[in-house]
Amino acid sequence: MPNFRARGIAGAYTARGMTEPPLLFEDDRQPSIGVARVVPERGLDRYPDGLSYSVPPSLAGLRVGQRVVVPLGRGNRPAPGFVVEIKPGPDAAEAGGRALKTILRLDAAGAELAGPLIELAQWIAGYYCAPLGSTFAAMLPAAVKRGVGRTQRVLVDLPEAPPAAPPRRLTAQQQRVLDALAAAPARPVEIHDLADRAELKTAAPIRRLIGRGLLAQVRQSEIRAHWEKIAVPPSEPVSLTPRQRAIIDAVSSRIEAGFGVDVLHGVTGSGKTEIYLNVIERLIARGRSAIVLVPEIALTPQTVGRFLARFETGVAILHSGLTAAQRHEQWAMIARGEARVVVGARSAVFAPLPAGSLGLVVVDEEHDSSYKQDQAPRYHARDVAIRRAQIEGAGVILGSATPSLETWHNAAQRNLYRWHDLPDRIPGAKLPRVEVIDLREQQRQAAAEGDRSIRLIGPRLAAALRETLERGGQAMLLLNRRGYANYIACPSQACGWVMQCEHCDVAMVYHKDRSLPRGGVVRCHHCLAEQVFHPRCPACGARVVPFGMGTQRIEEEVQRLLPGVIDEHSVRRMDSDSMRHARDYYDVLDRFAAGEVRLLVGTQMIAKGLDYPNVRLVGVINADTAISLPDFRSAERTFQLVAQVAGRCGRGEHAGLVIVQTFSPQHPAVQCAARHDYAAFVRSEMPQREYAGLPPVGRMARIVVRDTDHAKAGERAESLAAELRSIAEALPREAGRRAAWIKGPAPCALSRIADHYRFGVEIIAPTAAIVQRLLTDLRNRGLAVSDAHTAIDVDPVALL
């Protein structure tokens, strides 16, 4: 096929007697001192290793990891990107003899990623099948890119060289300025501070001295952010148990030897955090730094306060509740090496600690699914933390009362991690007693007594609530479902209408709102579409009924069941609807700690990170919300959630009680959580995973194809599945078995979201290497592209 584009351009130049395209401006071409490979912050999979650019003399000090601005595309549109390689020397030409474009300038915000983070980004992009530019974009906070909170300070100092001519006679005010500057404990001095020291009403005399050359003006850039005070508990000496001391010694010795992973399996309240603090103290004494990852919902002021109390000013905080200026300030403090401990949620794994300083990464509650990013790059912060520690020669601690089966498998079956047990709570605290209530039996008994109403809080839980609150205790009620009712339907058997989202194949959820004319709104929890609640069925005209349950309904029912014991001021709901801002969350926890709020009703938000000694009762309204989900991890999630929320009580001098309501009282996940028996749960769950070759025994990747056209989505998914099967068939078989299994395509459990139909294709293989081989081949064929229509999820944690 003739190359029309090449022929047309070359012909036009030849006809005019020219051998190359003309320059737009005479000075377009600049001398070069080298060639840099730059990865633009774009979702470009076409150039996985970046593009080559000429380095001008003005950027002689250019370093790998710096953020620069480069011309991109035919229109040379300025685009930010990161330098990943530099080759010094005279300018080189690209293949074909085309001159390289020149880097325009350094990023104005001065953003930079150290060498280890560049290597980490390259690993993430390869393993999780994401464009490298998108990976860099995810690693650097938007506040840092935009320079939010950066201000210019004007300071005053003595000039480096005295003026050539002797100064004219000074005024009394000017003399006071010079005297105040000479007496200042440190220079340069902020201009208004100097005016105060010289007892001046304005800074005009100082500016006149600057104009005469007797003083020098210095401009400094700094980042300013407003902070609300965090309550820091007094740092009191803690008496360690022999088991804690042994683990601290073992983990510290391992860290001194270099990279390694230690798993800390301890029941709730066993003192895992104290082990983290002691190991980090030893690390800091040797001049190293640490990153502590905590799930977003567990990153409470209580958690942050413990680290601030122990390490005072050398702690940086990174989480979504920060303002943009606060995030930028903390990031800059870390990059300058002023923070020895970084505490944060998932993205804190990218904290820009100076190269060579990282000694430890702690991943607390390592089983938590919030460590998995749900947008490209779909990385898992736990696994990224391990890879970063490996790159930097640091240690890793994975802590949890309910470790993920992947972590258990890597420790117990593959001997990749070292396992440590803390089977008991710290002295003076005991694990709570757990009662499992069969909701089916409860309803049968109520029906036999002529009561056919559906009670969300059964008689046993209601009685325990009353007793706990009347005796001055506090309680928590967990229901992992927000809203008032999870679906709205027509009660007429002849009709059967259910209100569905117009844009998704899911039921709308009813949220009560007394400020609205009809008392509520219906909302889709997937596309966030809303409409006013209509009380009549559009099909038959009958009055519709909100069915099911949500945290709003529990909050209402508690007040109805316990009049005089609880009121609207002493019960608070904690879910993503009521906790819109971090301040809302902190305010409720402050009031709960003070005893003003006596009952918390919430979703999984209350299941982690809360340690209040007066909590004597925890009620699980329905433990079945996750068991029935079409996901092979549903039993594991149920076990983890029930075990974690049960651990919130019995942490003080009073014994704790947990009441679990369920329609599946004999389910192994419920039974094992009630007994605090992690080992028994592993024994019950692992045979099913082994039989099906599912993680942690096998490895998995999932491709979801999305399109507003149902047929196009299905055809695209069929094409991907066919390509994967052909690649898999070409791989060598082992013991007569296929190297990989390709499942699908099939409609996803949530088959349509936001008007996009969804089809899933799953890859299951014995090893991660085989999964990577399949995805790499698919990527090289230009088919595995993470974009608006295709989502590639390696090691998925949810299959909906």
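Everything discussed here concerns the structure shown above.
All values derive from a computational prediction rather than experimental measurement.

Each value, and the rule that gives it
Residues numbered from 1 in each chain as written. Predicted model: local features only at pLDDT ≥ 70, side-chain atom pairs only at ≥ 80, totals over all residues. Heavy atoms only, no water. Buried < 20%, exposed > 50% of the residue type's maximum accessible area, 1.4 Å probe, protein only. Helix = DSSP H or I, 4+ residues; strand = E, 2+ residues; numbered from the N terminus. Pairing = 2+ DSSP bridges. Right-handed = clockwise from strand over helix to strand, strands pointing away. Core = buried A, V, L, I, M, F, W, Y, C linked by side-chain atoms within 4.5 Å. Contact = heavy atoms within 4.5 Å. Axes fitted to C-alpha atoms, helices over the stretch in contact; angles between N-to-C directions. Parallel < 35°, antiparallel > 145°, perpendicular 65-115°, else oblique. Salt bridge = Lys/Arg side-chain N within 4 Å of Asp/Glu carboxyl O. Expected span 1.5 Å × (residues − 1). Phe/Tyr/Trp six-rings, centres within 6.5 Å; stacked < 30°, edge-to-face > 60°. Polar contact = N/O pair within 3.5 Å; in protein donor to acceptor, adjacent residues only side chain to side chain. Disulfide = S-S within 2.5 Å.

K.L.:
Hey, could you run me through the pairing of strand S25 (residues 615-620) in this one?
P.N.:
Looking down a regular strand, the side chains alternate between one sheet face and the other. The buried fraction of S25 amounts to 6 of the 6 residues, a majority that puts the element mostly inside the structure. Bridge count for strand S17 (residues 474-478) against S25 is 5 bridges, and the pairing is parallel. The residue of S25 that forms the bridge with Met476 is Val618. With helix H18 (residues 634-646) bridging S25 and the parallel strand S26 (residues 657-662), this β-α-β connection has right-handed handedness.

K.L.:
Looking at this model, I keep getting lost on the nonpolar core. Mind explaining?
P.N.:
In a soluble, globular protein the nonpolar side chains are often hidden away together inside. Grouped together as the largest cluster of nonpolar side chains are 78 residues, with contacts concentrated most on Phe136, Leu293, Leu774 and Leu775. Beyond its immediate chain neighbours, meaning those up to four positions away, Leu774 contacts Leu724, Ile727, Ala728, Leu731, Ala740, Ile742 and Ile763. Membership of the second largest hydrophobic core comes to 44 residues, among which are Tyr586, Ala607, Ala673 and Ala674.

K.L.:
Honestly, the packing of helix H2 (residues 115-127) against helix H22 (residues 768-780) in this entry has me stumped. Any pointers?
P.N.:
The description of two helices packed together rests on the angle between their axes and the distance between the axes. Packing of H2 against H22 brings their axes to within 10 Å, and their N-to-C directions diverge by 80 degrees. In terms of their interaxial angle, H2 and H22 are classed as roughly perpendicular. Together, Ala125, Gly126 and Tyr127 of H2 and Ala768, Gln772 and Arg779 of H22 make up the contact between the two elements.

K.L.:
What should I look at first to understand the pattern of salt bridges in this one?
P.N.:
Side chains bearing opposite charge may pair, as long as their charged atoms lie close to each other. Throughout the structure, instances matching the rule amount to 42 salt bridges. Of the charged contacts in the structure, one is a salt bridge between Glu636 and Arg689, with a shortest N-O distance of 2.9 Å. In this pair, Glu636 is assigned in helix H18 and Arg689 in helix H20 (residues 678-692), connecting sequence segments 53 residues apart. As far as burial versus exposure is concerned, Glu636 and Arg689 are alike and both buried. Measuring nitrogen to oxygen at the nearest pair gives 3.6 Å for the salt bridge that ties Arg752 to Asp755. A network of salt bridges, in which partner residues are shared, links Glu41, Arg67, Asp107 and Lys145.

K.L.:
Explain the sheet that holds strand S15 (residues 418-422) to me, please; I cannot follow it from the model alone.
P.N.:
Within a sheet, neighbouring strands are paired by backbone hydrogen bonds and run either parallel or antiparallel to one another. Overall, parallel pairing links the 7 strands, which are arranged S11-S12-S10-S13-S14-S9-S15 in an open sheet. For this open sheet the edge positions go to strand S11 (315-318) and S15, each flanked by a neighbour on one side alone. Strand after strand, the sheet turns through a mean of 15 degrees between neighbouring axes, direction not considered. Here S11 pairs with strand S12 (residues 341-344) via 4 bridges, running parallel. For Ile317, the partnering residue across the bridge sits in S12 and is Val343. Docked against the sheet, helix H8 (residues 242-257) engages strand S9 (260-266), strand S13 (358-364), strand S14 (395-400) and S15, running at close to 160 degrees with respect to S15. Across the sheet, helix H10 (residues 301-311) touches strand S10 (289-293), S11 and S12, and the angle it forms with S11 is around 160 degrees.

K.L.:
So what exactly am I meant to see when it comes to the environment of Ile33 here?
P.N.:
Looking at the element boundaries, Ile33 is found in the loop between helix H1 (4-15) and strand S1 (34-40). Sequence separation between Ile33 and Pro56 is 23 residues, and the spatial gap between their C-alpha atoms is 6.1 Å. Look past the residues within four positions of Ile33 in its chain and what remains in contact with it is Val55, Pro56, Pro57, Leu59, Ala60, Pro88 and Gly89.

K.L.:
Would you mind going over the sheet that holds strand S3 (residues 67-72) with me for this structure?
P.N.:
Strand order in the open sheet formed by 5 strands is S2-S1-S4-S3-S5, with antiparallel pairing between adjacent strands. Where the open sheet ends on each side, the last strands, each with one partner, are strand S2 (51-55) and strand S5 (105-106). Note: S3 against S5, 2 bridges, orientation antiparallel. Paired with Val69 across the strands is Arg105, a residue of S5. In the packing of helix H3 (residues 132-139) onto the sheet, the strands contacted are S1 and strand S4 (77-88), and the crossing angle to S1 comes to about 75 degrees.

K.L.:
For this particular structure, what's the right way to read helix H11 (residues 324-335)?
P.N.:
Given 3.6 residues to a turn, an α-helix orients residues that are three or four positions apart in the same direction. Here H11 spans 17 Å end to end across 12 residues, near enough to the 16 Å set by a 1.5 Å rise per residue. In terms of residue burial, H11 counts as a mostly covered element, since 9 of its 12 residues are buried.

K.L.:
Honestly, the packing of aromatic side chains in this entry has me stumped. Any pointers?
P.N.:
For any pair of aromatic rings, the description consists of the separation of the ring centres together with the inter-plane angle of the planes. Going through the model one piece at a time under the given rule, you end up with 13 aromatic pairs. Seen from their ring centres, Tyr585 and Tyr586 are 6.0 Å apart, and the 40 degrees between their planes marks the pair as tilted. The buried category is assigned to Tyr586, whose relative accessible area is 18%. Three or more aromatic residues joined by ring pairs make a cluster, and in this case those are Trp419, Phe639, Tyr678 and Phe681.

K.L.:
How do you make sense of unusual backbone geometry when you look at a structure like this?
P.N.:
Most peptide bonds take the trans configuration, and most residues that are not glycine carry a negative phi. Cis geometry marks the peptide bond from Ala376 to Pro377, where omega comes out at 0 degrees. On the secondary structure map, Pro377 appears in the loop between S13 and helix H12 (381-392). Going from Gly744 to Pro745, the amide bond is cis rather than trans, its omega being 10 degrees. Relative to the elements of secondary structure, Pro745 occurs in strand S28 (residues 741-753). One non-glycine residue, Glu199, lies in positive phi territory at about 55 degrees. With respect to the helices and strands, the residue Glu199 is situated in the loop between helix H6 (191-197) and helix H7 (204-211). Accessibility expressed as a relative area gives 65% for Glu199, which makes it exposed. The phi dihedral of Asp795 falls on the positive side, at around 55 degrees, and the residue is not glycine. Within the element layout of this structure, Asp795 appears in the segment after strand S30 (790-794).

K.L.:
How do you make sense of the side chain of Thr551 when you look at a structure like this?
P.N.:
Within the secondary structure, Thr551 is located in helix H16 (residues 551-561). Of note is the side chain of Thr551, whose polar atom sits 2.6 Å from the side chain of Asp575. Apart from the residues within four sequence positions on either side, Thr551 is in contact with Leu479, Arg481, Arg482, Gly483, Arg573, Asp575, Val601, Gly602 and Thr603.

K.L.:
Looking at this model, I keep getting lost on helix H13 (residues 405-413). Mind explaining?
P.N.:
In terms of burial, H13 is largely enclosed, as 7 of its 9 residues are buried. When we look at burial in H13, the residues that qualify are Leu405, Glu406, Thr407, Trp408, His409, Asn410 and Ala411. Here the buried face of H13 lies against S9, H12, S14, S15, H18 and H20. Directly beyond the C-terminal end of H13, a positive phi value near 55 degrees is found at Asn415.

K.L.:
Please clarify how the state of the cysteines should be interpreted in this entry.
P.N.:
One way to say it: the disulfide is the covalent bond shared by the sulfur atoms of two cysteines. Scanning the entire structure with this criterion turns up 0 disulfides. Cysteine Cys490 remains unbridged, with the sulfur of Cys540 as its closest cysteine sulfur at 3.5 Å. The closest cysteine sulfur to the non-disulfide-bonded Cys504 is located on Cys527, 3.6 Å from its own sulfur. Among the residues examined, Cys504 registers a relative accessible area of 1% and is labelled buried.

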